[in-house]
Amino acid sequence: MPFSPKSKQDVFLTKKPLAVAVLAMMPAVAAQAQIEEVMVTAQKREQSLQDVPISLQSFNTDTIAELGIQDFQDYARMMPSVQFQPTPATGVGFTQVYMRGVTTGRDGQATTSQPSVGMYLDEQPITTIQGNLDIHMYDIARVEALAGPQGTLYGASSQSGTIRIITNKPDPSAFAAGYAVDGNVVDGDDTGYTFEGFVNMPLSDSTALRVVAWNRRDGGWIDNARGTRTFPGVASTTADDIILDNADVAEDNYNTVDTVGARAALLIDLNEDWTITPQLQYQKQQGEGSWGEDLSDFGGDQQVTHFKEEFTDDEWFQAALTVEGKISNFDVVYSGAHLDRDVDGSFDYSDYSYWYDTIYTTGYYADLHFLSSGDRTVENQFFDDAGTRIMPGARFVNDDGYEKTSHEIRISSPQDASVRLLVGAFYQKQEHDFHQRWLVEGLAPSMWPNQGTDQRFKDIVYVNSLYRTDEDEAFFGSVSFDVTDDLEATFGARYFKPEVSVEGFYGFGLGFNGVWSGTGEAQCETQDDWKGKPCKNVDKGISESDQVYRANLTYQVNDDVMVYGTWSEGYRPGGINRKPSAGEYVSDFLTNYEFGWKTTLADGTLLFNGAVFLQEWDDFQVSFVGANAITQVDNGPTADVNGIEGQIQWLPTDGLEISAAFTRLDSELKDPYCDGCESDGGAWAPAGASLPLAADFKGNVVARYSFEWAGFDAHMQGSLAYEGERNSDLRLRDNAIKGTIPSNTFMDVSAGLRNDSYAVELYVSNLTNEDAPLYYTSQCATGTCGSQNYGVLARPRTIGLRFSQKF
């Protein structure tokens, strides 16, 4: 979605959607506009968008409102270079973000790889270890998506790109306020709403306060259908079968989300040269239910049959400070932030328990045990105190705490000089204290960790209770100089030193030692409690240091055409696996070769920007399910990801704006992945296999027709977004079981009126009620859960009415 004409602002003005229907019936329109200059800060200094030699897409305040963007998935759908892996269990937080097809999937667990795309809120990184914050998108100046490696300026989690959310800042020059109200109906059934508002209050000629608040409810559309599930016993009859019934938790439209939050920023101009801006932001999301449709015989259309209450509470607070000033004629910027995030949740684990119980009680492993011992009972069945086999359903419970502190300082020389310098230093520390456990209610104390001596471990079958710390120190810089009046050369570098450590406990109690002896308390040197953990069987770390580089040539063909060539590198730090025998994985690197262009044509009424790129992803980190169904990470082979991307903005006639954006990708493994690992001696994925989750083609087109009607500024708009089919997994056998994710097409339309003080708009999102799954997943290792997979769905057709007013 490219760029939009409008008043010139220091925001990125992007397209405005739609144009359907009766243009000839519409009265007088405004004079033909031209695409105006837009200022961005993608290179950590203010520049015109058309002068930035980066493939960059952005939406401004107006475009965010016009597209109905309220969260990450809304804007990611309209950014073709961005791919994502939604979270099926919660619908809240932890969406995994990828760019330009650089992904192997399976990310997002507590001890797997760091994200490969950096997320920033203003100057501060907000990417936590398991995923990004999902910020409510109100009173946002712009969203910028920088495609390709940004490692020299943005560091570790910007291997394949960076997404920046930039808020509107306090303004001492004038009072301003506004609010918006939205009511909607989802799938013709459940309802949702949004209340949001802001106020900008000058406190003096040099000081202003801006406060923003929101309250949003997303209606549900997935039903937890009434049903039963039979856990087969070991007897030849059904006498010892266990039957579960979900009558207590069955509910229609049970996947709802409630979001509340606020942001406050204070701007203080100390003098003509120095400004400080402290900012506080808080948000809490409470998600209920599941976003995955059960695709097996256990489910139905937009249905699951789950047996335990399901919820996620994601609450976070960030305090940030930005200081901007001058020392002589050098610009100085310091930014620091502290983020505190707590995520608590509980999820039905009946699939996991059912399939593993079936395997070990009546299936393959039970048969092996019978053949070797003649005994039809197996040691890993679940029992209560009386020795009776139990399986009253199971649940997975997590209590995760995150803290993230970051500091960055950078100094840049005058931008009007023939040689321009930027140098900086960065420090970041992330801490993740997670306590994630599999519970079976009524479990005998002898099977708990610590064998019933500590009530904190009551009913726990398996637990991950670990501390993870990620630290990153870096120094970076770039130099740009004018080779000629029209040719600029830039060289950048970043030295980085990441450290990762994990310590704590994972696994089963000693009561399961007969079956799962490779994990848990059996690995502890002593059975003593350690910092609230059953004992300590993980204490590992890794420290690395390296550097990445960037070189760029930019040629200004004329005032309206610029071309550039870039060679750049991005990286992602290594880490360790919780399983001691699994070892560690090291940093992986992405090398990018890119040719791009920025053009403004047809007397300023046509904009066409784009880039062609070749990417080589060396020794990429990849997650897989290892022994004892424990996810671990290793370095894989090398993959090539090549493509072309572009954005178009066109003003064909007065009042009509049309924009489009697209990405075309082609990925393949250069070598086999885990050659000889399959039972038939083949590779998990052969050379030439495509990377998962990223479609060969993703694109959108948007049109907006604006006109005057009855004294109002009126509009009609519409958008269409398409994403092609893509593999669900890198491993071919797992992809065959889960299936290829189908293509999807989403269409939104709206129409509204506006005057100087208020606006009203009627909209329909997902007009055609597209129900193609966005992602396939399962509760347990692929294949273990049979054919019981889930398709994560987008929100069905939603009809709503918005009213907003500004003062």
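Going by the structure above, here's the rest.
Residues numbered from 1 in each chain as written. Predicted model: local features only at pLDDT ≥ 70, side-chain atom pairs only at ≥ 80, totals over all residues. Heavy atoms only, no water.

A. Spatial organisation of the state of the cysteines. In the structure shown here, the tally under the stated rule is two disulfides. Between the sulfur of C524 and that of C535 lies a disulfide, 2.1 Å long from S to S. Where C524 bonds to C535 through sulfur, the torsion about that S-S bond is close to 70 degrees, and the disulfide is right-handed. Here C524 is found in the loop between β27 (487-508) and β28 (538-543), whereas its partner C535 is found in the loop between β27 and β28, with eleven residues between them in sequence. Judged by its relative accessible area of 8%, C524 is buried. One disulfide bridge connects C674 with C677, the sulfur atoms lying 1.8 Å from each other. (Disulfide = S-S within 2.5 Å. Helix = DSSP H or I, 4+ residues; strand = E, 2+ residues; numbered from the N terminus. Buried < 20%, exposed > 50% of the residue type's maximum accessible area, 1.4 Å probe, protein only.)

B. How the structure looks around the pairing of strand β26 (residues 460-482). Of the strand pairs in this sheet, strand β25 (residues 419-439) and β26 are connected by 21 bridges, and their pairing is antiparallel. Opposite Q430, over in β26, you have D470 as the bridge partner. Of the pairings in the sheet, the one linking β26 to β27 comprises 21 bridges and is antiparallel in character. Of the residues in β27, the one forming a bridge with S480 is T490. What sits between the antiparallel neighbours β26 and β27 is a turn of four residues. (Pairing = 2+ DSSP bridges.)

C. Structural detail: the pattern of salt bridges. Evaluated as defined, the whole model comprises 39 salt bridges. When the shortest N-O distance is used, the salt bridge between D71 and R216 registers 3.2 Å. Remark: R216 occurs in strand β14 (residues 207-218) and D71 occurs in the loop between α1 (61-66) and α2 (72-77); sequence separation between them is 145 residues. For the pair D71 and R216, a shared accessibility class is recorded, and that class is buried. The salt bridge involving E408 is made with R410; its shortest N-O contact spans 2.9 Å. (Salt bridge = Lys/Arg side-chain N within 4 Å of Asp/Glu carboxyl O.)

D. Structural detail: the sheet that holds strand β11 (residues 161-167). Overall, mixed pairing links the five strands, which are arranged β3-β10-β11-β6-β7 in an open sheet. The outermost strands of the open sheet, each flanked by one partner alone, are β3 (56-60) and β7 (124-125). Where strand β6 (residues 117-121) and β7 come together, two bridges link them in antiparallel fashion. Residue Y120 lies in a different strand from β7, and its bridge partner there is P125.

E. Inspection of a nonpolar patch on the surface at higher detail. Residues F175, Y179, V181, F195, Y758, V760, L762, I799, L801, F803 and F807 make up a contiguous nonpolar surface patch of about 980 Å² in total accessible area. Those elements that provide at least two residues to the nonpolar patch are β12 (176-186), β42 (758-765) and β45 (798-806). As for its position among the elements, F175 is in the loop between β11 and β12. (Patch = residues over 30% accessible without salt bridge, like charges linked within 9 Å, V, L, I, M, F, W, Y side chains within 5 Å. Areas by Shrake-Rupley, 256 points an atom, 1.4 Å probe, with all protein chains shown as cover.)

F. Expanded view of the side chain of K598. Here K598 lies in strand β33 (residues 588-601). Excluding its chain neighbours within four sequence positions, the residues that come into contact with K598 are L49, Q50, V52, I54, D560, V561, M562, F608 and N609. (Contact = heavy atoms within 4.5 Å.)

G. Spatial organisation of the sheet that holds strand β20 (residues 292-294). The three strands lie next to each other as β20-β44-β43, forming an open sheet whose pairing is antiparallel. For this open sheet the edge positions go to β20 and β43 (775-777), each flanked by a neighbour on one side alone. Each strand of the sheet is rotated relative to its neighbour by a mean of 30 degrees, with strand direction disregarded. Strand direction decides the pairing type here: β20 and strand β44 (residues 790-792), joined by three bridges, are antiparallel. Considered in β44, the bridge of G292 is made with V792. (Axes fitted to C-alpha atoms, helices over the stretch in contact; angles between N-to-C directions.)

H. Region of the structure containing the environment of A76. Relative to the helices and strands, A76 is located in helix α2. For A76, a relative accessible area of 0% puts it in the buried group. In this structure the C-alpha to C-alpha distance between A76 and V97, which are 21 residues apart in sequence, comes to 8.9 Å. When neighbours within four sequence positions are excluded, A76 is seen to be in contact with V82, F84 and K698.

I. Up close: the nonpolar core. If you look at the biggest cluster of nonpolar residues, it comprises 34 residues, and the most contacted ones within it are F382, W438 and V461. Once residues within four sequence positions are removed from consideration, V461 is found in contact with F382, W438, V440, L443, G507, F508, G509 and F512. In this structure, F72, V97, V117 and L121 belong to the second largest nonpolar core, which totals 30 residues. (Core = buried A, V, L, I, M, F, W, Y, C linked by side-chain atoms within 4.5 Å.)

J. Region of the structure containing unusual backbone geometry. Even without being glycine, D139 reaches a positive phi, approximately 55 degrees. Here D139 shows up in the loop between β9 (131-132) and β10 (140-147). Look at D139 and you get buried, because its relative accessible area is 7%. The backbone phi angle of D187 is positive, close to 60 degrees, even though this residue is not glycine. Along the chain, D187 turns up in the loop between β12 and β13 (190-204).

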